[in-house]
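Structure assessment
The residues making up each chain are set out below.
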2 protein chains.
Amino acid sequence: MKIALAQINYFIGNFESNVSKIKNAIKKAKQQKADLIIFAELAVSGYPPRDFLEFDDFINKCKMAIESIAKECTDIAAIIGSPVFNPEYQGKDLYNSAIFISDGKVKSSHHKSLLPNYDIFDEYRYFEPNREFNVINYKGYKIALTICEDLWNIGNDPMYTINPMDELYKQNPDFIVNIAASPFNYNQAEIRKSIFTQNVIKYKLPLFYVNHVGAQTELLFDGGSLVINKSGEVVDEMKYFKEDFKIYDLKSINEIQPKITKSKKAEKIALIHDALVMGVKNYFEKLGFKKAILGLSGGIDSAVTLAIAAKALGNKNVYPVLLPSEFSSSHSIDDALQLAENIGCPYDIINIEEICRSFNNSLNSFFKELPFDLTEENIQARTRGVILMALSNKFGYILLNTSNKSEAAVGYGTLYGDMNGGLSVLGDVYKTEVFQLANHINKFKEIIPVNTIEKPPSAELRPNQKVSDSLPDYEILDKILYQYIELRKGPKELINQGFDEEIVKKTLKLVNTNEYKRYQAPPILRVSPKAFGIGRRMPIVAKYLS
Amino acid sequence: MKIALAQINYFIGNFESNVSKIKNAIKKAKQQKADLIIFAELAVSGYPPRDFLEFDDFINKCKMAIESIAKECTDIAAIIGSPVFNPEYQGKDLYNSAIFISDGKVKSSHHKSLLPNYDIFDEYRYFEPNREFNVINYKGYKIALTICEDLWNIGNDPMYTINPMDELYKQNPDFIVNIAASPFNYNQAEIRKSIFTQNVIKYKLPLFYVNHVGAQTELLFDGGSLVINKSGEVVDEMKYFKEDFKIYDLKSINEIQPKITKSKKAEKIALIHDALVMGVKNYFEKLGFKKAILGLSGGIDSAVTLAIAAKALGNKNVYPVLLPSEFSSSHSIDDALQLAENIGCPYDIINIEEICRSFNNSLNSFFKELPFDLTEENIQARTRGVILMALSNKFGYILLNTSNKSEAAVGYGTLYGDMNGGLSVLGDVYKTEVFQLANHINKFKEIIPVNTIEKPPSAELRPNQKVSDSLPDYEILDKILYQYIELRKGPKELINQGFDEEIVKKTLKLVNTNEYKRYQAPPILRVSPKAFGIGRRMPIVAKYLS
């Protein structure tokens, strides 16, 4: 039994592109005499289709896609994910299904039982959970077909009260198939391998796992589809952050020595880097844009954003603009120019002093003798925002946002100013990690000027401003933020961990009272287990730790 | 048996305020010799607490609140909503519970079985569904205690496969209690009465229903708690959009002739108006702000927004600013000034021409001979945005957004310009409904100048611009949008309804490709069954009907 795994970058709602990629893979698998080809969860629609699932027209298009694909499946069987209508009177209108196709026809549909509904997942919003369990009989083999979360209710603190694989196991299957849409975070590949190995060891069956690859707005899918033999050894691991296609022989996988050695665990920062590059690349490609614009300050956030964008789009397709004011230091301009030269990209300098003066003139009679404060700082940031958007509008760039996660957390940024952008590249990367990314980018050659990495961070919106004037050191701040945001620890737990009570209270208050700013922030490429955006849902008007 | 219903405006996470309001109601009920007092769903935390529910610290604070409330419940019993930990090893960590308190102690917890997870609801994100059913025995009566959605699986197209009340009914209860957090839309009060009447008729039991009242950011709770006798007659209906407290005698409710006559069905536009006024009022109060700023164009959207804000905050607490450019018509300025005078509020005029010129000077050498286009229009809108935000920053106003739902749908608005604001007042009100609101506001006296209502809509961002140059007539546009957004009809269904194919395709494409703008829009007060914001979740990068 030869089994092909197709790891594909789908495009949500683009049935033409998805069907064409699927059919090409089927053709290739047939040429190579595969008996079965496996695609990912909700492959025909792309994942996550979100509320498009509530449109009958959309589900009908999925159905037509499956029918068209089925016709290609002569001399080969296919497993492919698609939403399907629930024919029952009671329950939600849809199932999240794995369709089994052979002899050119849909033979059976196998629905997802465990519907993730936490963090970025909303599956119970759309789908009825499955309650019937049937293995697939094909060419003398019994296949236990599961969908993503169906295999994840193993280990401590089970979130669901059933285990679909326990039910399928009663029918004596020969191997497990899991089709998935499992998004990347820097821990996910290791967790995934651990979860699947636990399943394989529990059921003593080999496992074929097919994941999505590619970016869907903020969600990054890293691929890394897996074949695990019945001893629990990872026989093969498909490419990360790239499409891939391979064929495996069921009989021989148990004899193959696993190629992956335990030592080859990818480094967190390298993973984040590669994920962000894919995220920027796919965002532009799928929206049909080629060029990015961004404000370059001479600081580390815009420097790292530029380097990542240049890697994703090509150095001639990134256009940094320096927007100095009276408070910009000469070293900032020098550092920014040096960076643009190192990258080899076009750039421009537009001084914002005259425009800011013009705003201040118009507002003078209202502000009277009131002192310079946050208002005037924000006018600078917003003037930059208007200029970048004007260039973006006139020439068809997408503006990249350069804020980091620490700033987004505590609201250190100007709404409608430096918080502008179509996409936030670093919004899920803490400031201390941004420094690590800079060093990673400089690994073989100094791209980001060392001075940018070494100087103290400053917004340069007033004379001699330093971030440390208004925030705790990033080393401490980021640790508190991680405990609060990723691990959801409360103030008592943080203080018990040894953090200063006043700093803890001030930090949590800043996080909670700045929810209104994050609500209007651009989508953020998600690289951590808990990113701001669709996976973290907070009330704006509330009074908790604030 | 005397039963008190307490309809309260809770404050998410503000345990001090919530507990204090609850204790005051208990005190009042005790003074009036009530046997039982009923509060709403998740009363102690406020609704919806969203991801605060994932913090153990937050749940512990709910527990402490309940313990403190329980001590007041001597000589009276209470039913009150709170999240509680799920003690079982398997399943989600929490239940959404109704706590029964008597003799100063928590006697039992009754968990919600049907967890809404559609539109603005995310309850399966947090809660394990209940599977055990027990009536409460109290003073010789058996109480069937249900939570909101538990009674809603009645009628056509049931979303769930069980009916909790069927289970409770087997234990021969004497009456039904339903505690809820059922948000307003202009249809909801009628639907609610119909659903509860169906339940009462099915089970032949009287029903006491207690809802939230007040705004929680975008969600508006209208109150309207109900008492229905066993014949299915609405005996009483508590206040809409206001806190309320009443005591009913169980024995006599079946003898009371219903006060509410069928004819008194509230008018849709009046409901929307009152809901928006409450929404603005509560948003400011709960955030601790008093004053609103907004840009006044002379057009109908900013006029209606101003009138609603003045009603909510007082005419001296709204501060409209006229921001004319070279393209502003004199009638626009006149209309705006007339409106400010009618409202009796302070206002100012700040001409933006000089600032726009200053932007154009700085950008001239880049734009060269390229023609005036959307870029220059956006610069005007963004200049206005910067000025309004500067005044807001300097003096502590909240900027109100004035976009309507039709504009938000098709992306007719400038991101970081007129899309700015802490809160969108009209973002769930179609343009044709904005006109109806204006007439409603003018019902007894001309507040909004008739010329503002009668002139053709224009953005005034280029010479002689009219909205009808770029969009279909609002009469047609709004009908298409309603079919697509509220009813989720696809292009084929719309064309079959008789709409022009080209206009349908253009409109749906505009809606889908402008998702990126709405992602960064302010929270929108929700008055319809399907508002933009947390209840409509769409991918940004996608290719469907676009």
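Starting afresh in each chain, residues are numbered from 1 along the sequence in its written order. Starting at A for chains and at 1 for ligands, labels are handed out in the order in which the entities are written. Reporting in this predicted model follows two pLDDT cut-offs: at least 70 for local features of residues, and 80 or more for side-chain atom pairs to be given and counted; totals over whole chains, interfaces and linings ignore these cut-offs and use all residues.

**Concerning the sheet that holds strand E13 (residues 234-237) of chain B**
Adjacent strands of a sheet pair through backbone hydrogen bonds, lying either parallel or antiparallel. Residues and elements named next belong to chain B. Note the following rule: By definition, two strands form a pair when at least two bridges between them are found by DSSP. Here a strand is any run of E in DSSP of at least two residues, a helix any run of H or I of at least four, and the numbering for each starts at the N terminus. Helix axes are fitted only over the stretch in contact, all axes being lines through C-alpha atoms; the angle between N-to-C directions runs from 0 to 180 degrees.
Pairing in this open sheet of 6 strands is mixed, and the strands run E6-E7-E8-E9-E12-E13 from one edge to the other. Because the sheet does not close on itself, it has two edges, and the strands there are strand E6 (136-138) and E13. Pairwise comparison of adjacent strand axes, ignoring direction, gives a mean angle of 20° for this sheet. Note that strand E12 (residues 226-228) and E13 share 3 bridges and pair antiparallel. Each bridged residue has a counterpart across the sheet, and for Val227 the counterpart in E13 is Asp236.

**Quick look at the interface of chain A and chain B**
For the record, the criterion: Once C-beta atoms have been placed from the backbone, residue pairs whose C-beta atoms lie within 7 Å are recorded as contacts. Classification used: nonpolar for Ala, Val, Leu, Ile, Met, Phe, Trp, Tyr, Cys and Pro, charged for Asp, Glu, Lys and Arg, polar for all others including Gly.
Contacts between the two partners involve 76 residues from chain A, matched on the other side by 76 residues from chain B. When residues of the side of chain A that touches chain B are traced back to their parent elements, those giving at least two are helix H2 (56-70), helix H6 (268-287), helix H9 (353-367), helix H10 (374-395), helix H15 (491-496) and helix H17 (515-519) of chain A. In terms of residue count, the dominant contributor to the side of chain A that touches chain B is H10(A) (14 residues). Of the residues assigned to the side of chain A that touches chain B, the class counts are 40 nonpolar, 19 polar and 17 charged.

**Let's talk about the nonpolar core**
For the record, the criterion: Among buried residues, those of type Ala, Val, Leu, Ile, Met, Phe, Trp, Tyr and Cys that are joined through C-beta atoms within 7 Å form a set called a nonpolar core. Whether a residue is buried, exposed or partly exposed is read from the other C-beta atoms within 10 Å of its own C-beta, which are placed from the backbone; 20 or more gives buried, 12 or fewer gives exposed, and intermediate counts give partly exposed.
Judged by nonpolar contacts, the single largest core of 353 residues is most densely connected at A:Ile38, A:Phe39, B:Ile38, B:Phe39 and B:Ala309. Look past the residues within four positions of B:Phe39 in its chain and what remains in contact with it is B:Ala6, B:Ile8, B:Ile22, B:Ala78, B:Ile79, B:Ile80, B:Gly81, B:Ile179 and B:Val210.

**Quick look at the relation of the copies chain A and chain B**
Note the threshold: A least-squares fit on C-alpha atoms brings the copies together, and the residues used are those whose pLDDT is at least 70 in both copies.
Laying chain A over chain B is done by rotating through 180° and shifting 0.0 Å along the axis; what remains is an RMSD of 0.0 Å. Expressed as a symmetry operation, the mapping of one chain copy onto the other fits a two-fold axis. Taking the C-alpha atom as reference, chain A places A:Gln520 closest to the rotation axis, 2.1 Å from it. The residues that chain A uses at the interface reappear at the interface of chain B in 100% of cases, marking a shared surface.

**With respect to helix H16 (residues 501-513) of chain B**
Residues and elements named next belong to chain B. Under the convention used in this document: In this scheme, a helix's expected span is set at 1.5 Å multiplied by one less than its residue total. Along the arc lie the directions from the helix axis toward the C-beta atoms.
The end-to-end C-alpha separation of H16 is 18 Å, in line with the 18 Å expected for 13 residues at 1.5 Å each. Within the sequence span of H16, burial applies to Val504, Thr507, Leu508, Val511 and Asn512. Seen along its axis, H16 keeps its buried residues to an arc of 125°; they face one direction. Here the buried face of H16 lies against helix H11 (405-410), helix H14 (474-486), helix H15 (491-496) and helix H17 (515-519).

**Overview of the packing of H6(A) against helix H7 (residues 300-313) of chain A**
Residue and element names in this part refer to chain A. Definition in use: By the definition adopted for this analysis, an angle is roughly parallel if under 35 degrees, roughly antiparallel if over 145, roughly perpendicular if from 65 to 115, and oblique otherwise. The crossing is said to be left-handed when, going from far helix to near helix, the turn is anticlockwise and less than a right angle, and right-handed when the turn is clockwise.
Put simply, H6 and H7 touch, their axes get as near as 8 Å, and they point 60° apart. The pairing of H6 with H7 is recorded here as oblique in orientation. Between H6 and H7 lies a crossing whose hand is right-handed. In contact with Leu276, Val277, Val280, Lys281 and Phe284 of H6, H7 contributes Ile308, Ala309, Lys311, Ala312 and Leu313.

**Section: the pairing of strand E8 (residues 175-179) of chain B**
Residues and elements named next belong to chain B. With 5 of 5 residues buried, E8 is to be regarded as a mostly interior element. Burial of the side chains of E8 extends over both faces: Phe175, Val177 and Ile179 are buried on one face and Ile176 and Asn178 on the other. Of the strand pairs in this sheet, strand E7 (residues 141-147) and E8 are connected by 5 bridges, and their pairing is parallel. Its bridge partner being in E8, Ile143 is matched across the sheet by Phe175. Here E8 pairs with strand E9 (residues 207-210) via 4 bridges, running parallel. Among the inter-strand pairings, Ile179 is bridged to a residue of E9, identified as Val210.

The values are spatial; any link to function lies outside them.
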